[in-house]
Amino acid sequence: MENEIRVGRVPARHEVEGEALLVVDDLRTSFAVAAGSVKAVDGVSFELYRGHTMGVVGESGSGKTVLSRSVMGLNTSANATTTGSVLYAGDQMIGKSSKEKKILWGAEMAMVFQDPMTSLNPVVTIGRQLTEHVRYHLDMGKKEANEVAVALLQSVHIPEAEKRLDNYPHQMSGGMRQRVCIAIALACGPRMLFADEPTTALDVTVQHQILNLLAEQQRDRAMAMILVTHDLGVVAGRTDDIMVMYAGKAVEKAPTGELFAHLRHPYTQGLLWSIPKVTQAKHTRLNAIPGRPPNLIDPPSGCKFAPRCAYAQDICRVEEPTLRSIDTPDHVFACHFPVGTPEGEEAFARNVASDYPPALAAVGKLRASEEVVG
Amino acid sequence: MVKTIAFILLRLIATLLAVTFLTFAMVALLPGDPVDTILGTGPRPPGIEEQIRADLHLDDPFLVRYVNWLGDAVTGDLGSSYITDQPVADTISQRLPVTAQLAFMSIFISVLVAIPVGVMGAYKQSKWQDSVSSAGVQVALSIPNFIFGIFLIWLFAVKLGWLPASNWNRLSDGVVPNLKTSILPAFALALGQMAVFSRLIRSDMISTLQENYILSARAKGLSDRYILFRHALRPSSLSLMTIIGISFGALLGGTVVIETLFAIPGLGFSLINAINGRDILLIQGITVFIAVMFVIINTVVDLLYAVLDPRIRRS
Ligand SMILES: Nc1ncnc2c1ncn2[C@@H]1O[C@H](COP(=O)(O)OP(=O)(O)O)[C@@H](O)[C@H]1O
Ligand SMILES: [Mg+2]
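Since we're looking at a predicted model, the values are computed, not measured.

## Points about the environment of Val156 of chain A
Residue and element names in this part refer to chain A.
Step number 1: Mapped onto the elements, Val156 comes out in the loop between α6 (142-155) and α7 (161-164).
Step number 2: Assessed through its relative accessible area of 0%, Val156 is described here as buried.
Step number 3: Along the primary structure Val156 and Lys304 are separated by 148 residues, whereas in three dimensions their C-alpha atoms are 41 Å apart.
Step number 4: The residues touching Val156, leaving out its near neighbours within four places in the chain, are Arg179, Ile182, Ala183, Leu213 and Gln217.

Okay, here's the thing in structure tokens:
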């Protein structure tokens, strides 16, 4: 497929591995509201290598969307302030004017949004939405851009691609629209793709197809990808690394296999237990972590997760844990009593013995998950 | 599609029936005996009262009169003026082009000014550009259009001497002479409208700019201007379409003051003369005509929605 090659940049070998494409350091985004300042992203750091994928996982409200938009520099609200450092290919993004960022947006870094039903303009044809930025960034003529658009639609497996150019979004199903959104994001051959819960708004049956499509495109184009989701199950087999977020902070980061083998943070454990099981009726939230995420304006002192944590001890409510590792240096977590360590097990046993409600709830979950496995 | 059009036509006919009936009823309910208002207080030649009653079928029951009038009206016969004896339909067809041109021009000017002002207000919401345009809108709304008309006459006719103060050159006399007499009244009529239009665009635009698809367009690196005009303007124009339709209908009957000020022989001018002369058939003819135009324009606007928003189109 000649077109496809032209559509997606073919990265040179040295671009694919070994070099960090994205270095994020102490990124903070807060929103000024009447009641104070909402710290939606509160000091997040990570690195992403060329051609690698990172899953960002957390409950809704944990700051995943704000994080990905902050990295891209796409926060639209006037009350938002972002500080810290985002180096994209060695280039500092924080402090760039939107005119400078527009050169990168759509061309170098692109985003697939959560809801394909609302993220396409209802009054603009699919063809124009697919080609307008291609023509703008790559300086292409209309005819050439249309050929690219057809090739793109084919590459995201949309049948009768030529005919689709004149369609309007409402003439397509949700899954088809998300394919179109992916095609739009890929159109200029970006090196960095953000996918913000790309399947949350879709039918379960379509979710896998879309995730596989993203994985396929990511691999073929050797793009770096940040896959945001609230479902740890979604990222399980699909990412190189995982970062777990809670209340605007990264609470655990590790290579995917390592994380599932030795998860350390009780919150990650809670997320693991809340992965929807096949045996479970659709959309049951029975296994969600009890309690609510903290207020981001005036959060409690100590560990933000302590009030909901089965392992929490007195020190957790006073002293906020920082990211550390035990044996594997690239596996870090912020917890005083990590899962799977002697001090963690001891803390858990103590909480169960004193009938601490989060611990009792966890015992139930533990049994349920063992039954499913067994 | 055929079904939709049939439905629209059916609704149009029903509305027209209601509109003509109500207008007819209101004119018939005007206080006083029409014969007295027609004849005035002077001496009456014998037999004239009976003559008028017979002509107007005043002794027939109201419904019969309406049905008769309607029967004539659909054949284009709206009766004749009592004062000039000219057929009402002729008066309307002579005067309509003048008023319609004024209405069209003033709407065109208003839209031309309102789109950039409204879009700018939304884009620079709560910045100084927005405050300045809001202040401008307040001023424009609080100036009655005839005062603005007098100011325009003073400035362009009296002070600068560029344009005539009054009178009307028909389009058939040439475009430039016609524009010279039409531009000032059209501007005078446009002032308040452009203020209202720009506010509507601004508020619709502000909510459109919150939409997810605008964020996706931004994430594609498109320029702000392109996003505003190619992505956001069309979805933000639905209320504008509605108000343009209403304004157009309102202008057909509502240019009276400006037509009088500029001595323009339009519909409004005839209507005010007809009212002063108690020329009942002429009043009725013009009123019904304007009402019918109103209904037709709004139907056209309904059809235009489909052009603006493909989701309304049925394939
Ligand atoms: N414009 C805004 N103004 C104030 N608070 C905001 C704004 N946008 C997001 N937030 C807050 O930031 C937090 C993180 O939101 P978000 O990143 O959307 O979470 P997630 O994507 O993980 O569900 C939430 O508490 C949300 O209420
Ligand atoms: Mg989100």
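## Brief notes about the interface of chain B and chain A
Step number 1: Taken together, the contact between chain B and chain A spans 21 residues of the former and 25 residues of the latter.
Step number 2: Between chain B and chain A, roughly 2200 Å² of surface is buried when both sides are summed, and carbon and sulfur atoms account for 56% of that area.
Step number 3: For the chain B face of the interface with chain A, the top three residues by lost area are Leu215, Arg218 and Lys220 of chain B, together amounting to 27%.
Step number 4: Our enumeration of links across chain B and chain A arrives at two salt bridges.
Step number 5: For Lys220 of chain B, the salt bridge goes to Glu132 of chain A, with nearest N and O atoms at 2.7 Å.
Step number 6: Our count for the contact surface shared by chain B and chain A stands at 15 residue pairs in polar contact (both at pLDDT 80 or more).
Step number 7: Of all the secondary-structure elements, those providing two or more residues to the side of chain B that touches chain A are α9 (212-219) and α10 (224-232) of chain B.
Step number 8: Sort the elements by how many residues they give to the side of chain B that touches chain A and α9 of chain B lands first, with six residues.
Step number 9: Each residue belonging to the side of chain B that touches chain A can be placed in one class, and the counts come to eight nonpolar, five polar and eight charged.

## A few points about the site of ligand 1
Residues and elements named next belong to chain A.
Step number 1: Around ligand 1 lies a shell of 14 residues, among which Gly61, Gly63, Lys64, Thr65 and Val66 are the nearest.
Step number 2: For ligand 1, an oxygen atom lies 2.7 Å from a polar atom in the backbone of Gly61.
Step number 3: Within the backbone of Ser62, a nitrogen or oxygen atom sits 3.2 Å from an oxygen atom of ligand 1.
Step number 4: Counting only elements with at least two residues in the shell around ligand 1, the list comes to β1 (20-33) and α3 (64-72).
Step number 5: Per-element accounting of the shell around ligand 1 gives the leading share, three residues, to α3.
Step number 6: For the shell around ligand 1, the class distribution of residues is five nonpolar, seven polar and two charged.

About the thresholds
Residues numbered from 1 in each chain as written. Chains lettered and ligands numbered in written order. Predicted model: local features only at pLDDT ≥ 70, side-chain atom pairs only at ≥ 80, totals over all residues. Heavy atoms only, no water. Helix = DSSP H or I, 4+ residues; strand = E, 2+ residues; numbered from the N terminus. Buried < 20%, exposed > 50% of the residue type's maximum accessible area, 1.4 Å probe, protein only. Contact = heavy atoms within 4.5 Å. Buried area = accessible area lost by both parts, 1.4 Å probe. Salt bridge = Lys/Arg side-chain N within 4 Å of Asp/Glu carboxyl O. Polar contact = N/O pair within 3.5 Å; in protein donor to acceptor, adjacent residues only side chain to side chain. Nonpolar A, V, L, I, M, F, W, Y, C, P; charged D, E, K, R; others polar. Near = heavy atom within 4 Å.

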